[in-house]
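The residues making up each chain are set out below.
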Amino acid sequence: MGTERTTLRLSDERKRLLDQAAGIVAAGDGDDPPRSDVIDAALTHLVQSARNVEDAREEYNPRTIQDIANTDVLGLYYRTSIESRWR
């Protein structure tokens, strides 16, 4: 299997987000990480964040998780239900 390549169109918003993410990933003020490293870090963070939210459900109440972990991309949604204790 060959290497898959993807070309991303860089809208102004996507470029702004990549620049902000590069600042987070950079090792220091003079570091300019390649976009591939920035994208890899963002994808890894997304996957791990989703796992962290799932793992936290047993320790923290849903409202606390929502307050800390929810973003425009990742969020915890829950619904209440009524259970009959008579049966």
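Residues numbered from 1 in each chain as written. Predicted model: local features only at pLDDT ≥ 70, side-chain atom pairs only at ≥ 80, totals over all residues. Heavy atoms only, no water.

Draft legend 1. Up close: the overall build of the chain. Each helix and strand counted, the chain has 3 helices and 0 strands in total. Helices (α) and strands (β) of the chain occur, in sequence order from the N terminus, as α-α-α. Within the chain, buried positions represent 14% of all 87 residues. For the chain, contacts bridging at least 24 residues in sequence account for 18% of all contacts bridging at least 6. Per element, the accessible surface of the chain, about 8,300 Å² overall, is 49% carbon and sulfur. (Helix = DSSP H or I, 4+ residues; strand = E, 2+ residues; numbered from the N terminus. Buried < 20%, exposed > 50% of the residue type's maximum accessible area, 1.4 Å probe, protein only. Contact = heavy atoms within 4.5 Å. Areas by Shrake-Rupley, 256 points an atom, 1.4 Å probe, with all protein chains shown as cover.)

Draft legend 2. Spotlight on the packing of helix 1 (residues 12-25) against helix 2 (residues 35-56). Put simply, helix 1 and helix 2 touch, their axes get as near as 9 Å, and they point 85 degrees apart. Judged by the inter-axis angle, helix 1 sits roughly perpendicular to helix 2. Residues Lys 15, Leu 18, Asp 19, Ala 21, Ala 22 and Val 25 of helix 1 form the contact with helix 2, whose own contacting residues are Arg 35, Val 38, Ile 39 and Ala 41. Taken together, the residues that form the contact of helix 1 with helix 2 break down as 7 nonpolar, no polar and 3 charged. (Axes fitted to C-alpha atoms, helices over the stretch in contact; angles between N-to-C directions. Parallel < 35°, antiparallel > 145°, perpendicular 65-115°, else oblique. Nonpolar A, V, L, I, M, F, W, Y, C, P; charged D, E, K, R; others polar.)

Draft legend 3. The arrangement of the pattern of salt bridges in detail. Counted according to the given criterion, the structure contains 4 salt bridges. Put simply, Lys 15 and Asp 19 hold a salt bridge, and the shortest N to O gap is 3.1 Å. Pair noted here: Lys 15 and Asp 19 are both in helix 1, with a separation of 4 residues, about one helical turn. You can call Lys 15 partly exposed: its relative accessible area is 37%. (Salt bridge = Lys/Arg side-chain N within 4 Å of Asp/Glu carboxyl O.)

Draft legend 4. Summary view of the confidence of the model for the chain. Mean pLDDT for the chain: 84, with 84% of residues reaching 70 or above. Summarising per-element confidence for the chain, the mean pLDDT is lowest in helix 3 (residues 62-69) (85) and highest in helix 1 (94). (pLDDT = per-residue confidence, 0-100.)

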